[in-house]
Amino acid sequence: MSLKCGIVGLPNVGKSTLFNCISSGKAQAANFPFCTIEPNIGSTTVPDDRLNELEKLVNPKRVVPATVEIVDIAGLVKGASKGEGLGNQFLANIRETDAILHILRCFDDSNVVHVDGSVDPIRDKEIIDMELQFKDLETIENRLQKLSKQAKSGGDKVAQRSCDILNRFKEALMAGKSARSVMFDNAEDEKIAREFCLLTYKPVMYVCNVDEGSAATGNQYVERVREAVKDENAEILVIAAKIESEIAELETFEERQMFLEEIGLEKSGVERLIQSAYDLLNLRTYFTAGVQEVRAWTINKGDKAPRAAGVIHTDFEKGFIRAEVIHYEDYVQYGSEAACRAAGKLSIEGKDYTVQDGDVMHFLFNV
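Residues numbered from 1 in each chain as written. Predicted model: local features only at pLDDT ≥ 70, side-chain atom pairs only at ≥ 80, totals over all residues. Heavy atoms only, no water.

Caption draft 1: Structural view of the overall build of the protein chain. Assigned secondary structure in the protein chain consists of 14 helices and twelve strands. The globule rule puts the C-alpha radius of gyration for 367 residues at 21 Å, and the 23 Å found for the protein chain is close to it. In terms of principal-axis extent, the alpha carbons of the protein chain reach across some 65 × 65 × 35 Å. Looking at the protein chain as a whole, 48% of its 367 residues qualify as buried. (Helix = DSSP H or I, 4+ residues; strand = E, 2+ residues; numbered from the N terminus. Rg over C-alpha atoms; globule rule 2.2 N^0.38 Å. Buried < 20%, exposed > 50% of the residue type's maximum accessible area, 1.4 Å probe, protein only.)

As structure tokens, then:
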């Protein structure tokens, strides 16, 4: 599954530093506005304690975790929507991602130059929001010209419905709000809305990059961000990129845990960021567990059993017959597939079964 999260932000807010910490890709972290021009794409494993528990119970030959793709997109600047700097390229890169991690600088450091001369995360957020909103307005105007003709000349009801949705988006954007602030009360309208691929309709998480002393509790900048986004359909995560780069250099798990305890954190910011990115993409995990391999498989929330089977191989979906399902909690409680089967905790499910996050599954198929 090739869904991607794009890391965006103004130059020098810590995007590439974070990217280096969470990804196998290597972006040169330099104190220069256009350090990252080509988007750096990296695939990183998704931390999941359930996989570790299954490994202990099954003792397989290998363990394969789920992964998520993170894209480090070059820093946007004012005028990007008009092609300023490398604006067109940046916006095209954002359009190709499925969700946005918006990094905001929430720390003071005279050694790291801010592109606008001072630290103000709300101003920074509004600069990028405005550029994305301008581009969305341009997209909406172009689509409305075409769809309104279809709606008028042919009485196309779908085109009319699309025009109504676009006009709702336009109204929000003209008021300085992002498209994601527009809520729909039915799945069909949501589906149409997603097909327009508006930049500000993508799910977003604001990542507040703070100083070391604020990693556990946040600071005044973070509180300002919370207040600014309270009416948006968005999440906030607090992380200290400088600390994360130090953690990444530690050799052992024990050293990393000791470091985290010293600064008052249970999990590293990178771990929380990856898990949050996975959730932001609306992804879920099911497992296959056998002596050869324990593996985490990535699906979309709400996927039915045949679609989930198809993630392993398309033949599994085409020839799907049924699925054997053990809920993760039952597997851990009883300790093995055989014990779950004996206790009546293994269920046989058909093609209409909605896979639950954490299900341990086997598929029967015939092609």
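Caption draft 2: Summary view of the sheet that holds strand E7 (residues 235–239). Reading across the sheet, the six strands line up as E2-E4-E1-E5-E6-E7 and stay open at both edges, with mixed pairing between neighbours. Single-partner strands in this sheet number two, and they are strand E2 (40–45) and E7. Between one strand and the next, the sheet's axes are offset by a mean angle of 25 degrees, whatever the strand orientation. Where strand E1 (residues 4–8) and strand E5 (residues 99–106) come together, four bridges link them in parallel fashion. Bridge pairing in E5 links Cys5 to Ala99. (Pairing = 2+ DSSP bridges. Axes fitted to C-alpha atoms, helices over the stretch in contact; angles between N-to-C directions.)

Caption draft 3: The nonpolar core, seen in detail. Membership of the largest hydrophobic core comes to 71 residues, with the highest contact counts inside it found for Ile22, Ile70, Leu101, Cys106, Val207 and Leu273. If sequence neighbours within four positions are ignored, Ile70 has contacts with Cys5, Ile7, Phe19, Ile22, Asn40, Ile41, Gly42, Thr44, Leu101 and Ala277. (Core = buried A, V, L, I, M, F, W, Y, C linked by side-chain atoms within 4.5 Å. Contact = heavy atoms within 4.5 Å.)

Caption draft 4: Structural detail: the packing of helix H1 (residues 15–22) against helix H8 (residues 241–249). Where H1 meets H8, the axes come as close as 9 Å, and the angle between the chain directions of the two elements is 30 degrees. Taken together, the axes of H1 and H8 lie roughly parallel to each other. For the element pair H1 and H8, the recorded crossing hand is left-handed. Side by side, H1 and H8 meet where Thr17, Leu18 and Cys21 of the first sit next to Ala241, Glu244 and Ser245 of the second. The residue makeup of the contact of H1 with H8, split by class, is three nonpolar, two polar and one charged. (Parallel < 35°, antiparallel > 145°, perpendicular 65-115°, else oblique. Left-handed = near helix turned anticlockwise from the far one by under 90°. Nonpolar A, V, L, I, M, F, W, Y, C, P; charged D, E, K, R; others polar.)

Caption draft 5: Expanded view of the pairing of strand E6 (residues 204–210). The element E6 is extensively covered by neighbouring structure, given that seven of its seven residues are classed as buried. Alternating positions in E6 separate into two faces, Val204, Tyr206, Cys208 and Val210 on one and Met205, Val207 and Asn209 on the other, with burial throughout. Across seven bridges, E5 lies against E6 in parallel orientation. Bridge pairing in E6 places Leu104 opposite Cys208. One ladder, built from five bridges, connects E6 with E7; its direction is parallel. Across the sheet, residue Met205 finds its bridge partner in E7, namely Glu235. Handedness of the E6-helix H7 (residues 220–228)-E7 crossover: right-handed. (Right-handed = clockwise from strand over helix to strand, strands pointing away.)

Caption draft 6: The arrangement of unusual backbone geometry in detail. Of note in this structure, Asn59 is not a glycine but carries a positive phi near 55 degrees. Residues other than glycine seldom take positive phi values, yet Asn282 does so here, at roughly 65 degrees.

Caption draft 7: The arrangement of the pattern of salt bridges in detail. This structure, assessed with the given rule, holds 20 salt bridges. For Glu138, the salt bridge goes to Lys135, with nearest N and O atoms at 3.4 Å. Taken together, the residues Glu138 and Lys135, both in helix H4 (residues 121–154) and three residues apart, mark about one turn of the helix. Looking at Glu138, the relative accessible area reads 38%, which means it is partly exposed. Sharing partners across several salt bridges, the network here consists of Lys125, Asp129, Arg180 and Glu232. (Salt bridge = Lys/Arg side-chain N within 4 Å of Asp/Glu carboxyl O.)

Caption draft 8: Expanded view of the packing of aromatic side chains. In total, this model carries six aromatic pairs according to the counting rule given. Ring geometry for Phe184 against Tyr201: centres 6.4 Å apart, planes inclined by 75 degrees, an arrangement best described as edge-to-face. Placement of the pair is Phe184 in the loop between helix H5 (157–174) and helix H6 (187–195) and Tyr201 in the loop between H6 and E6, with a sequence separation of 17 residues. Residue Phe184 shares its accessibility class with Tyr201, and that shared class is buried. Above the plane of the ring of Phe107 lies Arg105, whose end atom (NZ or CZ) is 4.4 Å from the centre. Between the NZ or CZ atom of Arg295 and the centre of the ring of Trp297, over which it lies, the distance is 4.3 Å. (Phe/Tyr/Trp six-rings, centres within 6.5 Å; stacked < 30°, edge-to-face > 60°. Lys NZ or Arg CZ within 6 Å of the ring centre and 35° of its normal.)

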